[in-house]
Amino acid sequence: MTESARPLAGYHEIAVVIGAGLEEDGSPTKTTLARADAAATLAAERDIAFITSGSHGVGQPAHARSEAYHLAERLTTKGVPRSRIFLEDESRDTLANAAFVSERYLAGIAPRPIVVVTSPFHMARSLAIFALVLGPSWPLEGHLAPRTGQDEAREATEELFLGHARALLEGTTPGEIARIAAHVRAKPEYRTRGRA
């Protein structure tokens, strides 16, 4: 496939598609696939770039292919050109999704609308965390994936995890992307990270 050289900064809008884990065999969860499918609907409606975000998993050894990879593959099977998809495959939680996407891709470009693609149970926390990381210059919008049978068990912990993110970012100011990313990388799971 021939890919365009169009940079991320050439898009007026950017969708961030957040992974929702991998199964024990390394395949994407139903929730991860539902989020990719929801993102694909944006491609037909808008001139938008996609950043897929999610790591290789938390087990050791880590899976060969990341959530970001599986999201990107699903998008391409739905007709999204690979040239419109950018990957961030280090993040293991929502705060890291926001921090590492922002550090790698957004810090060097002018603010523009960001569309966060995730599940209904996860949307409020995701938008709150992206706002804490990016600050008020970046307009945020949510694009909901359909619910899956895997979602219900995760709803109860959303407020707790948002509280953890706020506590970790205490003393930082929204928009201090490099400082926030450094706080996230100081977490034990990133200091001891290993890949197969």
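In what follows, the structure referred to is the one given above.
Fair warning: this is a prediction, and the values are worked out from it, not measured in the lab.

(A) Main features of the pairing of strand β3 (residues 85-88). Both faces of β3 are covered, namely the face carrying I85 and L87 and the face carrying F86 and E88. As paired strands, strand β2 (residues 48-53) and β3 are joined by four bridges and run parallel to one another. Within the sheet, the bridge partner assigned to S53 lies in β3 and is E88.

(B) A look at the nonpolar core. Core analysis: the largest hydrophobic core is formed by 32 residues, its most contacted members being L8, I51, L106 and I114. Among the secondary structure elements, those contributing two or more residues to this core are β1 (13-18), β2, α3 (94-106), β4 (114-118), α4 (120-134), α6 (158-168) and α7 (177-185). At eight residues, the largest contribution of residues to this core is made by α3. In this view, L106 contacts I14, I51, V101, I114, L134 and W138; residues no more than four positions away in its chain are not counted. In this structure, L42, I48, F50 and V115 belong to the second largest nonpolar core, which totals 20 residues.

(C) How the structure looks around the pattern of salt bridges. The final tally for this structure, using the stated rule, is eleven salt bridges. Here D47 makes a salt bridge to R6, at a shortest N to O gap of 2.8 Å. Of this pair, D47 sits in the loop between α1 (30-45) and β2 while R6 sits in the segment before β1; the two residues are 41 residues apart in sequence, bridging distant segments of the chain. Judged by its relative accessible area of 45%, D47 is partly exposed. By relative accessible area, R6 is classed as partly exposed at 29%. Where R147 meets E155, a salt bridge forms, and the shortest distance between an N and an O atom there is 2.5 Å. For E155, a relative accessible area of 33% corresponds to the partly exposed category. Residues joined in a network through salt bridges with shared partners are E13, R46 and E141.

(D) Expanded view of the sheet that holds β2. The strand order across the open sheet built from five strands is β3-β2-β1-β4-β5, with neighbouring strands paired in parallel fashion. Strands with a single pairing partner mark the edges of an open sheet, and in this sheet they are β3 and β5 (140-144). Strand-to-strand twist in this sheet, taken as the mean axis angle between neighbours without regard to direction, amounts to 25 degrees. Looking at chain direction, β1 and β4 are connected through four bridges and run parallel.

(E) Representation of the packing of α4 against α6 in the model. Between α4 and α6, the least distance of the axes is 10 Å, while the angle of their chain directions is 10 degrees. Taken together, the axes of α4 and α6 lie roughly parallel to each other. Contact residues: α4 offers F121, H122, R125, A128, I129 and L132, while α6 offers E158, F161, L162, A165 and R166. When its residues are assigned to classes, the contact of α4 with α6 shows seven nonpolar, one polar and three charged.

(F) Spatial organisation of helix α2 (residues 67-77). Buried within α2 are the following residues: E67, A68, H70, L71, A72 and L75. Phi for G79, located one or two positions after α2, is positive at around 95 degrees.

(G) Geometry of the packing of α3 against α4. Axis separation between α3 and α4 bottoms out at 9 Å; the angle between their running directions is 45 degrees. As judged from the angle between their axes, α3 and α4 are oblique. Two packed elements cross with a definite hand, and for α3 against α4 that hand is right-handed. Two secondary-structure elements touch here, α3 through T94, L95, N97, A98, A99, S102 and L106 and α4 through H122, R125, S126, I129, F130, V133 and L134.

(H) Looking closely at the pairing of β4. With five of five residues buried, β4 is to be regarded as a mostly interior element. Here β4 shows no split at all, with I114, V116 and T118 on one side and V115 and V117 on the other all buried. Looking at chain direction, β4 and β5 are connected through five bridges and run parallel. Paired with V115 across the strands is E141, a residue of β5. Traced from β4 through α4 to β5, the parallel crossover comes out right-handed.

Definitions and limits used
Residues numbered from 1 in each chain as written. Predicted model: local features only at pLDDT ≥ 70, side-chain atom pairs only at ≥ 80, totals over all residues. Heavy atoms only, no water. Buried < 20%, exposed > 50% of the residue type's maximum accessible area, 1.4 Å probe, protein only. Helix = DSSP H or I, 4+ residues; strand = E, 2+ residues; numbered from the N terminus. Pairing = 2+ DSSP bridges. Core = buried A, V, L, I, M, F, W, Y, C linked by side-chain atoms within 4.5 Å. Contact = heavy atoms within 4.5 Å. Salt bridge = Lys/Arg side-chain N within 4 Å of Asp/Glu carboxyl O. Axes fitted to C-alpha atoms, helices over the stretch in contact; angles between N-to-C directions. Parallel < 35°, antiparallel > 145°, perpendicular 65-115°, else oblique. Nonpolar A, V, L, I, M, F, W, Y, C, P; charged D, E, K, R; others polar. Left-handed = near helix turned anticlockwise from the far one by under 90°. Right-handed = clockwise from strand over helix to strand, strands pointing away.

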